[in-house]
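# Overview (structure and organization)
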Amino acid sequence: MNAVAWSRNPYLPHAAQVVERVEEGRDIFTLRLRLSDAGARAAYRFQPGQFNMLYLYGVGEVAISIVSDPDDPGLIDHTIRAVGRVTQGLQRLKAGDALGLRGPFGRGWPVEAARGRSLLLITGGLGCAPTTSMIHYALQRRESYGALTLCHGVKHPGDLIYGERIQSWCAAPDTQVLLTADKGTPEWRGRVGQVTQTLEDIAPEMFKGVAMMCGPEPMMRAVAENLLRRGMAPADIYLSLERNMQCAVGHCGHCMFGGKFICKDGPVFSYTEVSALLAVKGL
Amino acid sequence: MLGTAKGEPVMSVAGLLKRDQLDVLIQTLRARGYRVVGPRAKSGAIVYDEVSRADELPVGLVSVQEPGRYRLEDSGNGRLFDYVHGPESLKRFLFAPQETLWTVEQNGEVRFKETLPEIRPLAVIGARACDLAGVSVQDRTFLKGRYNDFSDPYYATRRENLFIVAVHCTRSAATCFCASMNTGPRAREGYDIALTELEDAFLVGAGSAAGEAVLADLPLQPAHEGEITQAAQAIDAAARSQTRRLDTENIQALLFNNLEHPRWDDVAERCLSCGNCTLVCPTCFCHRETDVASLDGKESGHQRQWDSCFTLEHGYLHGAQIRPQIRHRYRQWLTHKLAAWIEQFGVSGCVGCGRCITWCPTGIDLIEEVNAIRLPAALRRRHGAQPEAKT
């Protein structure tokens, strides 16, 4: 964690600028940001799966995972759905606009524990965003990881984002992408059905590797139970969780999940750590 | 130095301060640049407020505390600290109920400026053992250490500038259970000076170098064995008088194995979800952050204020509530306070002050709630090995 290597006060954002804003889908957009201060920019590093707190002037902060390439930390991408006050305001930012950024925070994907093993990424909806930097990371170190399979499910074909990126992943060596939509359309070339169904069509060796999931909690539970039935060990299944976050450093109490702070103990957990908690409603 | 029969930690004793000399302590602290805060009777309760003279302190008051009830009554004697405690702990002096963390100017670009609190040494007179325990628990949340990667500079600044004059309790309220939490009624550590109130004097000891320096300026008289024994006995008597006791044995497993226990529905029928318990709790640390922009739109202040896990906003995520029902929110509070806290910070979040019991408008007693969840298990243990009686 190097979040505060460049700031003594963990609550104080750094000034940043929008370099580019990309429309990804209806109410979904990506902000490419650059820290304004050269020293802060030079010191900034992140691990796949970590997140930043983005601050919109006069409105407030929101926790957003980093979706760009960890090897290029000078440009920091965040894919955001406009759903609350801060994110709706962020949606109106244009290239050149100023905002605040602090981070990175949290424990990301297990890049070391997964080294040498196959990677099975299972995502739902916008859950594809937090796994993107892991995919970049693995594809740039292709020989360090085994086969990579991405199973991604959306409700409607129109919800699919990252079309070009996904195309490029399909062309990467030893990499497979399975897309599915709950409901198809005539133009939809992917599968139709739940993301769990795509697991039927995966080579059995993939279940001997490491799984990484991100999406709605019921989806992740269903997928995890499915993977366990296929013989995966709970400790090899990882998932990224989300809760209300205000401070990002374990001080404000909002992201608590049983005894875990999602901001600092997560957002990535092994299924061993959280499976009992995930089974309880209203926690 | 004195050990007690029960093997309690030793108490450092510097001497006796006559009750009518207590003002010298206040004036000494003021002369050393401290803003001095002590107990004051206001709106029917003891609260902390600024004191400039000892005769401003309330005399001869006791608090009568029960679930959902707090009354101050005349004790008929001249003692100063028999009131035990009011709704406030030391929390607000370190973790401010509301403060601006930073300001930001917008003028094409954004410029952030941290707004650390003004450094003004503060001395608090009358802190209890439970309050010191509360500070020690909050230190684990807000100061960098084994349980925490980041220090909160606002808390840390105030913490470095706090001088604590503790009072060992010689009286317990009916809602107190610090003895069972092993936090009191004797203040063990974390104070600069500690007082034990005797008939017309205080037995005085220092707990830090700063405390020793202040004591050196006081007109102390030598303490005799009899007074030292009397003080220790009074504290022990306060511990023995406590009727409430929280059974913390195996409490993490107990609560987390009973997340769907019917008792959560039962307590939800009584809980108003008002958040009083979290406000009076010395250890509750939840806070929310909000922006307050200036009218001309050129500057905004990023504020934080105490939050409570009993509010709906606390669990807001993407337009939905994580804990929509009161049973979810009470369960969150109790399981966190008594169980999850241990996983997070290596210590219980409960110090046994009993404030959440006293200040709950419907008199919910967390000990009763835990017992109700524990009882069936205890019954099972007691009867489990026996064959069922034939009828």
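Cut-offs applied
Residues numbered from 1 in each chain as written. Chains lettered and ligands numbered in written order. Predicted model: local features only at pLDDT ≥ 70, side-chain atom pairs only at ≥ 80, totals over all residues. Heavy atoms only, no water. Helix = DSSP H or I, 4+ residues; strand = E, 2+ residues; numbered from the N terminus. Rg over C-alpha atoms; globule rule 2.2 N^0.38 Å. Contact = heavy atoms within 4.5 Å. Areas by Shrake-Rupley, 256 points an atom, 1.4 Å probe, with all protein chains shown as cover. Lys, Arg positive; Asp, Glu negative; His and termini not counted. Charge placed at Lys NZ, Arg CZ, Asp CG, Glu CD. Domains from an automatic or database assignment. Salt bridge = Lys/Arg side-chain N within 4 Å of Asp/Glu carboxyl O. Polar contact = N/O pair within 3.5 Å; in protein donor to acceptor, adjacent residues only side chain to side chain. Buried < 20%, exposed > 50% of the residue type's maximum accessible area, 1.4 Å probe, protein only. Pairing = 2+ DSSP bridges. Expected span 1.5 Å × (residues − 1). pLDDT = per-residue confidence, 0-100. Buried area = accessible area lost by both parts, 1.4 Å probe. Nonpolar A, V, L, I, M, F, W, Y, C, P; charged D, E, K, R; others polar. Core = buried A, V, L, I, M, F, W, Y, C linked by side-chain atoms within 4.5 Å. Phe/Tyr/Trp six-rings, centres within 6.5 Å; stacked < 30°, edge-to-face > 60°. Lys NZ or Arg CZ within 6 Å of the ring centre and 35° of its normal.

Take the overall build of chain A next. A tally of regular secondary structure across chain A gives seven helices and 15 strands. Compactness check: chain A gives a C-alpha radius of gyration of 18 Å against a globular reference of 19 Å for 283 residues, within 12% of the reference. Along the longest, intermediate and shortest principal axes, the C-alpha atoms of chain A span 50 × 45 × 40 Å. Of the contacts made within chain A by residues no fewer than 6 positions apart, 69% connect residues no fewer than 24 positions apart. Within the structure as shown, chain A displays about 10700 Å² of accessible surface, and the carbon and sulfur contribution to it stands at 50%. Of the charged side chains in chain A, 30 are positive and 27 negative, and the gap between their average positions amounts to 4 Å.

Attention now goes to the domain arrangement of chain B. By a widespread convention, an interface's size corresponds to the accessible area lost as its parts come together. Residues and elements named next belong to chain B. The assigned domain composition of chain B is domain 1 (2-240) and domain 2 (251-382). Taken residue by residue, the interface counts 44 residues in domain 1 and 39 residues in domain 2. Between domain 1 and domain 2 we count three salt bridges in total. We note a salt bridge from Glu 99 to Arg 304, for which the minimum N-O separation is 3.1 Å. Our count for the contact surface shared by domain 1 and domain 2 stands at 29 residue pairs in polar contact (both at pLDDT 80 or more).

This brings us to the pattern of salt bridges. Scanning the model with the defined rule gives 43 salt bridges over all chains in all. Here Glu 112 of chain A and Arg 115 of chain A are joined by a salt bridge, their closest N and O atoms 3.0 Å apart. For Glu 112 of chain A, a relative accessible area of 52% translates into the label exposed. Here Arg 115 of chain A falls in the partly exposed class, since its relative accessible area comes to 32%. With a closest N to O distance of 3.0 Å, Asp 131 of chain B and Arg 355 of chain B form a salt bridge. Of this pair, Asp 131 of chain B sits in helix H3 (residues 129-142) while Arg 355 of chain B sits in helix H12 (residues 355-358), and the two are 224 residues apart along the sequence. One exposure class covers both Asp 131 of chain B and Arg 355 of chain B, and it is buried. A single salt-bridge network, built from bridges that share partners, covers Arg 40, Arg 53, Asp 55 and Glu 56 of chain B.

Let us look at the domain arrangement of chain A. Residue and element names in this part refer to chain A. Each assigned domain of chain A is listed with its residue range as follows: domain 1 (3-105) and domain 2 (119-278). Averaged C-alpha coordinates put domain 1 and domain 2 at centres separated by 22 Å. Listed as interface residues are 26 residues of domain 1 and, on the opposing side, 23 residues of domain 2. Our count for the contact surface shared by domain 1 and domain 2 stands at one salt bridge.

Before going further, it helps to examine the pairing of strand E12 (residues 237-240) of chain A. Residues and elements named next belong to chain A. Going residue by residue along E12, you find Ile 237 and Leu 239 tucked away on one face and Tyr 238 and Ser 240 tucked away on the opposite face as well. When strand E11 (residues 210-214) meets E12, the two strands line up parallel, connected through four bridges. Bridge pairing in E12 links Met 213 to Leu 239. Relative to strand E15 (residues 268-270), E12 is paired through three bridges, and the arrangement is antiparallel. Residue pairing in the sheet places Ser 240 in a bridge with Val 268 of E15.

Bringing helix H6 (residues 217-229) of chain A into the picture now. Residues and elements named next belong to chain A. Between its first and last C-alpha, H6 extends 18 Å over 13 residues, near the 18 Å set by a 1.5 Å rise per residue. Those residues of H6 that are buried lie in contact with strand E7 (119-124), helix H5 (195-198), E11, E12 and helix H7 (271-278). In the segment just after H6, Gly 231 is the residue with positive phi, at about 95 degrees.

Residue and element names in this part refer to chain B. Averaged over every residue, the pLDDT of chain B is 93; residues scoring 70 or more account for 93%. The low-confidence segment residues 1-10 (pLDDT under 50) makes 17 contacts with residues lying over four places distant or belonging to another chain. Within the model, the stretch residues 384-391 combines pLDDT values under 50 with one contact to residues more than four positions away or in other chains. Predicted complex, confidence summary: ipTM 0.92, pTM 0.92.

This next bit is on the interface of chain A and chain B. With 45 residues of chain A at the contact, the number on the chain B side is 53 residues. For the pair chain A and chain B, the two sides together bury roughly 3900 Å², of which 58% comes from carbon and sulfur. Per-residue buried area on chain A facing chain B is highest for Tyr 11, Tyr 57 and His 251 of chain A; these three make up 18% of the total on that side. Glu 343 of chain B is the partner of Lys 260 of chain A in a salt bridge, and the nearest nitrogen-oxygen pair spans 2.9 Å. The tally of links from chain A across to chain B stands at 24 residue pairs in polar contact (both at pLDDT 80 or more). Residue assignment for the side of chain A that touches chain B shows that the elements contributing at least two residues are strand E1 (14-25), strand E4 (60-65), strand E6 (98-105) and strand E14 (260-261) of chain A. Across the side of chain A that touches chain B, the residue classes tally to 22 nonpolar, 15 polar and eight charged.

Okay, the nonpolar core next. Judged by nonpolar contacts, the single largest core of 83 residues is most densely connected at Leu 120, Ile 122, Leu 199, Leu 227, Leu 239 and Leu 241 of chain A together with Leu 90 of chain B. Ranked by residues supplied to this core, first place goes to H3 of chain B with seven residues. Filtering out sequence-adjacent residues up to four positions away, Leu 120 of chain A remains in contact with Thr 149, Cys 151, Leu 199, Ile 202, Met 206, Phe 207, Val 210, Ala 211, Met 212 and Leu 227 of chain A.

Once that is clear, we can look at the packing of aromatic side chains. Tallied over the entire structure, the rule returns 26 aromatic pairs over all chains. Look at Phe 51 of chain A and Phe 105 of chain A: their rings are 6.0 Å apart centre to centre, the planes differ by 45 degrees, and that puts the pair in the tilted class. Linking Phe 51 of chain A in strand E3 (residues 51-56) with Phe 105 of chain A in strand E6, this pair joins segments that are 54 residues apart in sequence. Each member of the pair Phe 51 of chain A and Phe 105 of chain A is classed as buried. A centroid spacing of 6.1 Å and a plane angle of 55 degrees characterise the contact between Trp 341 of chain B and Phe 345 of chain B, whose relative ring orientation is tilted. Of this pair, Trp 341 of chain B and Phe 345 of chain B are both found in helix H11 (residues 326-345), four residues apart, which corresponds to roughly one turn of the helix. A connected cluster of aromatic rings, assembled from ring pairs, spans Phe 261 of chain A together with Phe 95, Phe 142, Tyr 155, Phe 285, Trp 306, Trp 341 and Phe 345 of chain B. In this structure, Arg 141 of chain A packs its charged tip against the face of Tyr 137 of chain A, placed 3.7 Å from the ring centre. For the cation-ring pair, Arg 128 of chain B lies above Tyr 83 of chain B, with the distance from its terminal atom to the ring centre recorded as 4.7 Å.

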